[in-house]
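Each chain is listed here by its residues.
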Amino acid sequence: MSLKFEIQPATNPTSDKERAAKLVDPGFGRVFTDHMAVLRYTHATGWHDARVEARAHFPLDPAAAILHYAQEIFEGLKAYKREDGGVNLFRPDANARRFRDSAERMAMPPLPDSAFIDAVEQLVRIDRAWIPGGEGSLYLRPFMIASEVFLGVKPSAEYIFAVIASPVGSYFKGGPAPVSIWVSENYTRAAIGGTGAVKCGGNYAASLRAQAEAIDHGCDQVVFLDAVQRRYVEELGGMNVFFVFDDGSLATPPLGTILPGITRDSIIALAKDSGTPVREEPYTIDQWRADAASGRLKEAFACGTAAVISPIGKVRSASGEFLIGGGAAGPVAMGLRKKLVDIQYGRAPDPHDWIRKVL
């Protein structure tokens, strides 16, 4: 399938001066670029009307399916500015495949990988001036929503796919700081046969109450346990989790009810490259507590597109709290983070062909 994007530049783009002011401290997901890429789908026509145009509101009927039945999926990836002024994308093919898998689970039409990647690249090209330098990047948010006007409970017959972009600064000011984690005992994230492996808005909406509970208990993030036995560690509200042991090995919860994170997959590959054993296996909260106390567990860290790697320093629950590695960031997490970030920015060799040069 080949879709050629019609490019319609914004007639009143942000001035250089205003853009420079916004890029001084853009934060995360608060500042947006001038354009968006859009495709539309109907059962009769298929994917069509591919355009890059000025970022604007979508006109949505109050009966649009997305507003009632939450048929929606999304992705997150970044564009990085190289030292030579060019621009890298990191594993957009993996995002495209996961987006297609999410669409299948949510009874939505699959978008060809080539169209997904082309939409992202076209947006990066037209809004390249919005990519911050240094450790900043351009966060890209592809998403698809059901737009058919119909109140019956069924898959929509019409969809909108779009990509928007947001410049982001370094996630951590002054370097990655260990985060504190609240163990959710009242809420679960996903069950077998559910949508845990899908990147859909409903999963994140369901995590917000637990995240608020974590904040109420003085923690930065929430970690969920399995929905059946309430024992096995699954993932954080928006990140996968790894454990580092005294024998040098790494472990991470197995896929199935958790999101197949692209950063997670990349960390596994980089660890194996250096000869580090990596196990994908169940790990209970009781094991976590006991291994931290005995010293068998040396580090724990969360990972995802936004923060790359976040060291976990403290774990708190209704039954008490414990520290990991004295509550400090560990060398394994920080070493893996540096390896990954250096590949993303083009500062290190790319042995797995993860980088796609846009410019």
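Residues numbered from 1 in each chain as written. Predicted model: local features only at pLDDT ≥ 70, side-chain atom pairs only at ≥ 80, totals over all residues. Heavy atoms only, no water.

Draft legend 1. Up close: the overall build of the chain. Counting secondary structure elements, the chain contains 8 helices and 18 strands. A compact globule built from 359 residues should have a C-alpha radius of gyration of about 21 Å, and the chain, at 21 Å, falls within 12% of that. Each of the three principal axes of the chain carries a C-alpha extent, and together these read 60 × 50 × 35 Å. Out of the 359 residues in the chain, the part that is buried amounts to 52%. Taking as baseline every contact in the chain between residues at least 6 positions apart, the subset at least 24 positions apart corresponds to 72%. Of the roughly 15,700 Å² of accessible surface on the chain, a fraction of 52% belongs to carbon and sulfur atoms. Charged side chains in the chain number 40 positive and 42 negative. The centres of these two groups are separated by 2 Å. (Helix = DSSP H or I, 4+ residues; strand = E, 2+ residues; numbered from the N terminus. Rg over C-alpha atoms; globule rule 2.2 N^0.38 Å. Buried < 20%, exposed > 50% of the residue type's maximum accessible area, 1.4 Å probe, protein only. Contact = heavy atoms within 4.5 Å. Areas by Shrake-Rupley, 256 points an atom, 1.4 Å probe, with all protein chains shown as cover. Lys, Arg positive; Asp, Glu negative; His and termini not counted. Charge placed at Lys NZ, Arg CZ, Asp CG, Glu CD.)

Draft legend 2. Expanded view of the nonpolar core. Counting residues in hydrophobic clusters, the biggest one holds 41 residues, and the most contacted among them are Leu-39, Ile-73, Val-124, Leu-140 and Phe-161. Going through the elements one at a time, β2 (35-42), β3 (46-54), β5 (77-81), β6 (87-90), α3 (92-105), α4 (113-126), β7 (137-146) and β8 (158-168) are the ones with two or more residues in this core. With 7 residues, α4 is the single largest residue contributor to this core. Sequence-distant contacts of Leu-140, defined by excluding residues within four places in its chain, comprise Glu-75, Gly-76, Leu-77, Lys-78, Ala-79, Leu-89, Val-120, Leu-123, Val-124, Ile-164 and Ala-165. Judged by nonpolar contacts, the second largest core, of 23 residues, contains Leu-225, Val-233, Phe-245 and Ala-292. (Core = buried A, V, L, I, M, F, W, Y, C linked by side-chain atoms within 4.5 Å.)

Draft legend 3. Looking closely at the packing of helix α6 (residues 262-273) against helix α8 (residues 331-344). Two numbers describe how α6 lies on α8: the axes approach to 10 Å, and their chain directions differ by 110°. Taken together, the axis directions place α6 and α8 in an arrangement best described as roughly perpendicular. Contact residues: α6 offers Thr-263, Ser-266, Ile-267, Leu-270 and Ala-271, while α8 offers Leu-336, Lys-339, Leu-340 and Ile-343. Residue composition of the contact of α6 with α8, grouped by class: 6 nonpolar, 2 polar and 1 charged. (Axes fitted to C-alpha atoms, helices over the stretch in contact; angles between N-to-C directions. Parallel < 35°, antiparallel > 145°, perpendicular 65-115°, else oblique. Nonpolar A, V, L, I, M, F, W, Y, C, P; charged D, E, K, R; others polar.)

Draft legend 4. Structural detail: the pairing of strand β17 (residues 320-323). Relative to β17, strand β16 (residues 308-317) runs antiparallel, the two sharing 4 bridges. If you follow Val-315 over to β17, its bridge partner there is Phe-322. Between the end of β16 and the start of β17, which pair antiparallel, lie 2 residues. (Pairing = 2+ DSSP bridges.)

Draft legend 5. Quick look at the pattern of salt bridges. By the definition in use, this model includes 23 salt bridges. Two residues, Glu-135 and Arg-347, come together in a salt bridge whose shortest N-O distance is 3.2 Å. A residue pair is termed long-range when its members are at least 10 positions apart, and Glu-135 in the loop between α4 and β7 and Arg-347 in the loop between α8 and β18 (355-357) qualify at 212 residues. Among the residues examined, Arg-347 registers a relative accessible area of 36% and is labelled partly exposed. As a salt-bridge pair, Asp-342 and Lys-338 come within 2.7 Å of each other at their nearest N and O atoms. Pair noted here: Asp-342 and Lys-338 are both in helix α8, with a separation of 4 residues, about one helical turn. On the accessibility criterion, Asp-342 (12% relative accessible area) is buried. (Salt bridge = Lys/Arg side-chain N within 4 Å of Asp/Glu carboxyl O.)

Draft legend 6. The arrangement of the packing of aromatic side chains in detail. A full pass over the atoms with the stated rule returns 15 aromatic pairs. Centroid distance Phe-74 to Tyr-204: 5.3 Å. Interplanar angle 55°. Geometry classified as tilted. Here Tyr-204 lies in helix α5 (residues 201-216) and Phe-74 lies in strand β4 (residues 72-74), a separation of 130 residues in the sequence. For the ring pair Phe-243 and Trp-288, a centre distance of 5.0 Å and an interplane angle of 75° mean the geometry is edge-to-face. Of this pair, Phe-243 sits in strand β12 (residues 240-245) while Trp-288 sits in helix α7 (residues 285-294), and the two are 45 residues apart along the sequence. Each of the two residues, Phe-243 as well as Trp-288, counts as buried. Taken together, Phe-243, Phe-245, Tyr-283, Trp-288 and Phe-322 form an aromatic cluster joined through their ring pairs. Over the face of the ring belonging to Trp-130 we find Arg-19, whose NZ or CZ atom lies 5.9 Å from the ring centre. Of note, Lys-154 hangs over the ring of Phe-150, and the distance from its end group to the ring centre comes to 4.9 Å. (Phe/Tyr/Trp six-rings, centres within 6.5 Å; stacked < 30°, edge-to-face > 60°. Lys NZ or Arg CZ within 6 Å of the ring centre and 35° of its normal.)

Draft legend 7. Examining the side chain of Arg-91 more closely. Tracing the backbone through its elements, the reader meets Arg-91 in the loop between β6 and α3. Classification of Arg-91 as buried rests on a relative accessible area of 9%. Looking at Arg-91, its side chain comes within polar contact range of the side chain of Asp-265, at 3.0 Å. Filtering out sequence-adjacent residues up to four positions away, Arg-91 remains in contact with Ile-262, Asp-265, Ser-266 and Trp-354. (Polar contact = N/O pair within 3.5 Å; in protein donor to acceptor, adjacent residues only side chain to side chain.)

Draft legend 8. The arrangement of the environment of Arg-51 in detail. Here Arg-51 lies in strand β3. On a C-alpha basis, the gap between Arg-51 and Glu-281 in space is 44 Å, while along the polypeptide they are 230 residues apart. The residues touching Arg-51, leaving out its near neighbours within four places in the chain, are Phe-5, Glu-6, Gln-8, Met-36, Ala-37, Val-38 and Arg-40. A polar contact of 2.2 Å, which involves the side chain of Arg-51, links it to the side chain of Glu-53.

Draft legend 9. Structural detail: the side chain of Ser-317. Residue placement: Ser-317 occurs in strand β16. Apart from the residues within four sequence positions on either side, Ser-317 is in contact with Trp-182, Val-183, Glu-185 and Arg-289.

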